[in-house]
Amino acid sequence: MKEIYYAHVLKSKVHNYYYKGHCKDLQKKLIQHNSGMTVSIRPYIPFEIVYFEEFETEIEAIKREKYFKTSRGREFLRKILAQ
């Protein structure tokens, strides 16, 4: 069975804060973040998944995550999420 990797964007439900990352299991990652396991984003929980893309390799997912964190990537996400 083929593995799937994700580049994802989570949005805080109570703050104007977006978390960009990559993972292998999107639902598990959301549960981890919402349980406070990641100290740096704990003040922003709870999160919801607002965007994701699927990739065949982890390298591709990491590359896309890095793009999301650039000014062009943030602009791309702003347009996509405004729809």
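Here goes a summary of the coordinates provided. (Residues numbered from 1 in each chain as written. Predicted model: local features only at pLDDT ≥ 70, side-chain atom pairs only at ≥ 80, totals over all residues. Heavy atoms only, no water.)

### Side note on the pattern of salt bridges
For the record, the criterion: A carboxyl oxygen of Asp or Glu within 4 Å of a side-chain nitrogen of Lys or Arg is what we treat as a salt bridge. Segments assigned H or I by DSSP are reported as helices when at least four residues long, segments assigned E as strands when at least two residues long, and all are numbered from the N terminus. Categorising residues by exposure relies on relative accessible area from a 1.4 Å probe, with only protein chains included: less than 20% of the type maximum marks a residue as buried, more than 50% marks it as exposed, and the intermediate range marks it as partly exposed.
Overall, the coordinates contain five salt bridges when judged by the stated rule. We note a salt bridge from Lys2 to Glu56, for which the minimum N-O separation is 3.3 Å. With Lys2 in the segment before strand E1 (5-12) and Glu56 in the loop between strand E3 (47-55) and helix H2 (58-68), this residue pair connects regions lying 54 residues apart in the sequence. Pair check on accessibility: Lys2 and Glu56 agree, each one exposed. Glu53 is paired through a salt bridge with Arg64; the nearest N and O atoms lie 2.8 Å apart. With Glu53 in strand E3 and Arg64 in helix H2, this pair connects stretches of sequence that are eleven residues apart.

### Considerations on the nonpolar core
Condition: The nonpolar core is taken to be a set of buried Ala, Val, Leu, Ile, Met, Phe, Trp, Tyr and Cys residues, with the residues joined through side-chain atoms within 4.5 Å. It only takes one pair of heavy atoms within 4.5 Å for two residues to be counted as in contact.
Core analysis: the largest hydrophobic core is formed by eight residues, namely Tyr5, Ala7, Val9, Tyr51, Phe55, Ala61, Phe68 and Leu77. Of all elements in the fold, only E1, E3 and H2 reach the threshold of two or more residues within this core. Broken down by element, the residue count for this core peaks at three residues, all from E1. Apart from residues lying up to four places away in sequence, Phe55 is in contact with Glu3, Ile4, Tyr5, Ala7, Glu60, Ala61 and Arg64.

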